[in-house]
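Report on the structure
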Amino acid sequence: MNKNELKVGLIQQACSANGYDNRQRLAEHIGAAAKEGAQLVVLQELHNTPYFCQVENVDNFDLAEPIPGPSTEFFGELARQHGIVLVISLFERRAPGLYHNTAVVLEKDGTIAGKYRKMHIPDDPAYYEKFYFTPGDMGFHPITTSVGKLGVQVCWDQWYPEGARLMALQGADLLIYPTAIGYESSDTPGEQTRQREAWTTVQRGHAVANGLPVITVNRVGHEADPSGQTKGITFWGSSFVAGPQGELLAQASTQDEEVVVVTVDLHRSECVRRWWPFLRDRRIESFTDLTRRFIDD
């Protein structure tokens, strides 16, 4: 393979209430991606369990774990066995009463290359994440690995252009977003389509604005609301890889579990940035107001 080409694997999976089963199926899918030549494999957000943030329940804090811990050991061994860089997503127990939604990057030898704590935390019906997660305090910094500098963020972060830009300005080769997002049961089919397409479009926009490939991995399938107050969430899948002009290189279905392996040409980012030199033409001296919550005057 050309040294500028990187084979990326996306694991789009439905989650059951059985954590052991979830991890074993992930292990099988990771092995399948590696067998197809994937050098970098990305998992979805909070992949070990159902999306527990549909309800506010203090017992769910028992699902959290330290980093390093059992999951970094389990998935680190898989990374080592298959010789891949692996991006995982965990409910981190940092200290009693202090928890984060954290992505961890594992190197080919199974060691931890780095981690990223989710910065933007939603608080919406069926997405009660502020109850569980403290906003990240590590900033937006790419993680250096043997396959490149990875600009990893998590789910709700994907709607904000600032994080993507900061990753790009620090030399990220790829933007990566583990995700858990789906439809509210009362939404009309038309509204569901608009939401899903907006989600894809905004991230393709990050690819265009920064001249970088984007990798997004979402969960799939229906997960019931344990409280019975809603009809649960149907996660819309649609995991995808976009190139540096926003072109879709691959996209999974809206309803099936899939292992997607796609080749990304990293040199293309250099070419695109020469044609569209957005970083050159930024008027950075005029952007100071971006640090304000809102401009009232």
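Now for a look at the structure at hand. Keep in mind the model is a prediction, meaning the values are calculated, not measured. (Residues numbered from 1 in each chain as written. Predicted model: local features only at pLDDT ≥ 70, side-chain atom pairs only at ≥ 80, totals over all residues. Heavy atoms only, no water.)

Topic: the overall build of the protein
Counted only if it meets this: Helical segments are the DSSP runs of H or I of at least four residues, strand segments are the runs of E of at least two, and each set is numbered from the N terminus. Radius of gyration: over C-alpha atoms. The globule rule applied is 2.2 Å multiplied by the number of residues raised to the 0.38 power. The buried label applies to any residue whose accessible area, calculated with a 1.4 Å probe on protein chains only, is under 20% of its type's maximum; exposed applies above 50%, and partly exposed to all values in between. Any two residues whose heavy atoms approach within 4.5 Å at even a single point are treated as in contact. Here the accessible surface of atoms and residues is derived via Shrake-Rupley with a 1.4 Å probe, and residues count as covered only by protein chains that are part of the display.
Check the secondary structure of the protein and you find six helices and 17 strands. Relative to its length of 297 residues, the protein is compact, with a C-alpha radius of gyration of 18 Å against a globular reference of 19 Å. Structurally, the protein occupies a C-alpha span of about 55 × 50 × 40 Å along its principal axes. Scored against the burial criterion, the 297 residues of the protein give a buried share of 49%. Relative to all contacts within the protein whose residues are 6 or more apart in sequence, the contacts with residues 24 or more apart total 68%. Total accessible area computed for the protein in this model is approximately 13500 Å², and 52% of it derives from carbon and sulfur atoms.

As for the sheet that holds strand 15 (residues 240-242)
The condition that has to hold: One bridge is not enough; two strands pair if DSSP finds at least two bridges between them. Helix axes are fitted only over the stretch in contact, all axes being lines through C-alpha atoms; the angle between N-to-C directions runs from 0 to 180 degrees.
Overall, mixed pairing links the six strands, which are arranged 8-9-10-12-15-16 in an open sheet. Either end of the sheet is taken by a strand with one partner, and the two such strands are strand 8 (143-145) and strand 16 (248-251). Each strand of the sheet is rotated relative to its neighbour by a mean of 20°, with strand direction disregarded. Pairing analysis gives three bridges linking strand 15 to strand 16, with the strands arranged antiparallel. Each bridged residue has a counterpart across the sheet, and for F240 the counterpart in strand 16 is Q251.

Topic: a nonpolar patch on the surface
Rules: Two distance rules govern patches: like charges are joined within 9 Å, and nonpolar side chains (Val, Leu, Ile, Met, Phe, Trp, Tyr) within 5 Å, applied only to residues with over 30% relative accessible area and no salt bridge. What makes a salt bridge here is a side-chain nitrogen of Lys or Arg within 4 Å of a carboxyl oxygen of Asp or Glu, nothing more.
A grouping of L166, L169 and L279 is seen on the molecular surface, where their side chains present a nonpolar patch of about 230 Å² in accessible area. Looking at where L279 falls in the secondary structure, it is placed in helix 6 (residues 278-281).

So, the pattern of salt bridges
What the rule picks out here adds up to 16 salt bridges. A salt bridge links R94 to D137; the nearest nitrogen and oxygen atoms lie 2.6 Å apart. With R94 in strand 3 (residues 85-95) and D137 in the loop between strand 7 (127-128) and strand 8, the pair connects residues that are 43 residues apart, well separated along the chain. Among the ionic pairs, E247 bridges to R268, the shortest N-O distance being 3.4 Å. Placement of E247 in the loop between strand 15 and strand 16 and of R268 in helix 5 (residues 267-275) is noted, with a sequence separation of 21 residues between them. For E247, a relative accessible area of 23% translates into the label partly exposed. Connected through shared salt-bridge partners, E92, R94, K115, R117 and D137 make up one network.

Details of the packing of aromatic side chains
How we decide: Stacked, tilted and edge-to-face pairs are distinguished by plane angle, under 30 degrees for stacked and over 60 for edge-to-face with tilted covering the rest, among Phe, Tyr and Trp rings (Trp via its six-membered ring) whose centres lie within 6.5 Å.
Evaluated as defined, the whole model comprises 22 aromatic pairs. Between the aromatic rings of F91 and Y132, the centroid separation amounts to 6.3 Å while the plane-to-plane angle is 90°, which identifies the pairing as edge-to-face. Placement of F91 in strand 3 and of Y132 in the loop between strand 7 and strand 8 is noted, with a sequence separation of 41 residues between them. Taken as a pair, F91 and Y132 share a single burial class, namely buried. Ring geometry for Y183 against W236: centres 5.2 Å apart, planes inclined by 55°, an arrangement best described as tilted. A residue pair is termed long-range when its members are at least 10 positions apart, and Y183 in strand 11 (residues 182-184) and W236 in strand 14 (residues 233-236) qualify at 53 residues.

Re the nonpolar core
Where we set the bar: Working definition of a nonpolar core: buried Ala, Val, Leu, Ile, Met, Phe, Trp, Tyr and Cys residues. They are joined through side-chain atoms within 4.5 Å.
In terms of nonpolar packing, the biggest core is built from 59 residues, with L40, F91, L150, I176 and I215 touching the most fellow members. Considering each element in turn, this core owes the most residues, four residues, to strand 10 (residues 174-179). When sequence neighbours within four positions are dropped, the list of residues in contact with I215 reads V8, L10, L40, V42, L174, L175, I176, Y177, F240 and V241. In terms of nonpolar packing, the next biggest core, distinct from the first, is built from 19 residues, A38, L43, F75 and L106 among them.

Here's the deal with the pairing of strand 10
The criterion, for reference: A crossover gets the label right-handed when its path from the first strand over the helix to the second runs clockwise, viewed with the strands pointing away from the viewer.
Of all six residues in strand 10, six are buried, a share of seventy percent or more. Burial of strand 10 is two-sided: the residues L174, I176 and P178 facing one way and the residues L175, Y177 and T179 facing the other way are all buried. The pairing of strand 9 (residues 148-152) with strand 10 spans three bridges and is classified as parallel. In the sheet register, G151 faces strand 10, and the bridge partner there is L175. Remark: the strand 9/helix 3 (residues 161-169)/strand 10 crossover connection has right-handed handedness. As judged from the five bridges shared by strand 10 and strand 12 (residues 214-218), these two strands associate in the parallel manner. Among the inter-strand pairings, Y177 is bridged to a residue of strand 12, identified as T216.

Shape descriptors only; they carry no functional weight alone.
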